[in-house]
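Residue strings, one per chain:
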Amino acid sequence: MSMLHTYIRLKNSPVENGQLPDPANWGVADVVNYFKATGFEEQATAFQDQEIDGKSLLLMTRNDVLTGLSIKLGPALKIYEYHVKPLQTQHLKTNAS
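Residues numbered from 1 in each chain as written. Predicted model: local features only at pLDDT ≥ 70, side-chain atom pairs only at ≥ 80, totals over all residues. Heavy atoms only, no water.

**Points about the pattern of salt bridges**
Convention followed: We define a salt bridge as a contact between a side-chain nitrogen of Lys or Arg and a carboxyl oxygen of Asp or Glu at a distance within 4 Å. A run of H or I in DSSP counts as a helix once it spans at least four residues, and a run of E counts as a strand once it spans at least two, with each numbered from the N terminus. Each residue's exposure class comes from its accessible area (1.4 Å probe, protein chains only) as a fraction of the maximum for that residue type: buried when under 20%, exposed when over 50%, partly exposed otherwise.
A complete count under the given rule lists one salt bridge for this structure. Salt-bridge contacts for E81 lead to K85; the nearest nitrogen and oxygen are separated by 3.1 Å. Taken together, the positions of E81 and K85, both in helix α6 (residues 73-94) and four residues apart, correspond to about one turn of that helix. With a relative accessible area of 31%, E81 lands in the partly exposed category.

See below:
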């Protein structure tokens, strides 16, 4: 089961064309819940502590995730590569039209 389906199943999140709603509309709690639901419960608190909402998440660089959140390197790499970057790509594709 993909992370998207896991998140949707756990949070009963509305789905638009098989994708999560645009993260630009997420509040801090939505970001935290997304990372909790995708297996990063411990690291999700860092997003809460830094008040990262969806718009902030979409602006984050690799360096922001690796150093700005004060989380261990391994989880930080996975969070960026498998979640932040794909969410940014999805947002750009969705809003390119």
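**A closer look at the packing of helix α2 (residues 28-37) against helix α3 (residues 41-49)**
Put simply, the rule reads: Interaxial angles span 0 to 180 degrees and are taken between N-to-C directions of axes, which are lines fitted to C-alpha atoms, for helices over the stretch in contact. Orientation labels follow simple angle bins: below 35 degrees gives roughly parallel, above 145 gives roughly antiparallel, 65 to 115 gives roughly perpendicular, and whatever is left gives oblique. Helix crossings get a hand from a simple test, with the near helix turned counterclockwise from the far one by less than a right angle marking a left-handed crossing and a clockwise turn marking a right-handed one. A contact between two residues is defined here by any heavy atoms of the two lying within 4.5 Å.
Running from amino to carboxyl end, α2 crosses α3 at an angle of 165 degrees, the nearest separation of the two axes being 8 Å. The angle between the axes of α2 and α3 places the two elements in the roughly antiparallel class. Both α2 and α3 take part in a crossing whose hand is right-handed. Contacts between α2 and α3 involve V28, V31, V32, F35 and K36 from the first element and E41, A44, F47 and Q48 from the second.

**Focus: the environment of Y34**
Position of Y34 among the secondary structure elements: in helix α2. Placed 10 residues apart in sequence, Y34 and A44 show a C-alpha to C-alpha distance of 8.3 Å.

**Section: the nonpolar core**
Going by this rule: To form a nonpolar core, buried Ala, Val, Leu, Ile, Met, Phe, Trp, Tyr and Cys residues must be joined to one another through side-chain atoms within 4.5 Å.
Judged by nonpolar contacts, the single largest core of 22 residues is most densely connected at F35, F47 and L57. For this core, the secondary structure elements donating two or more residues are α2, α3, α5 (62-68) and α6. Among the elements that make up this core, the one with the highest residue count is α6 (five residues).

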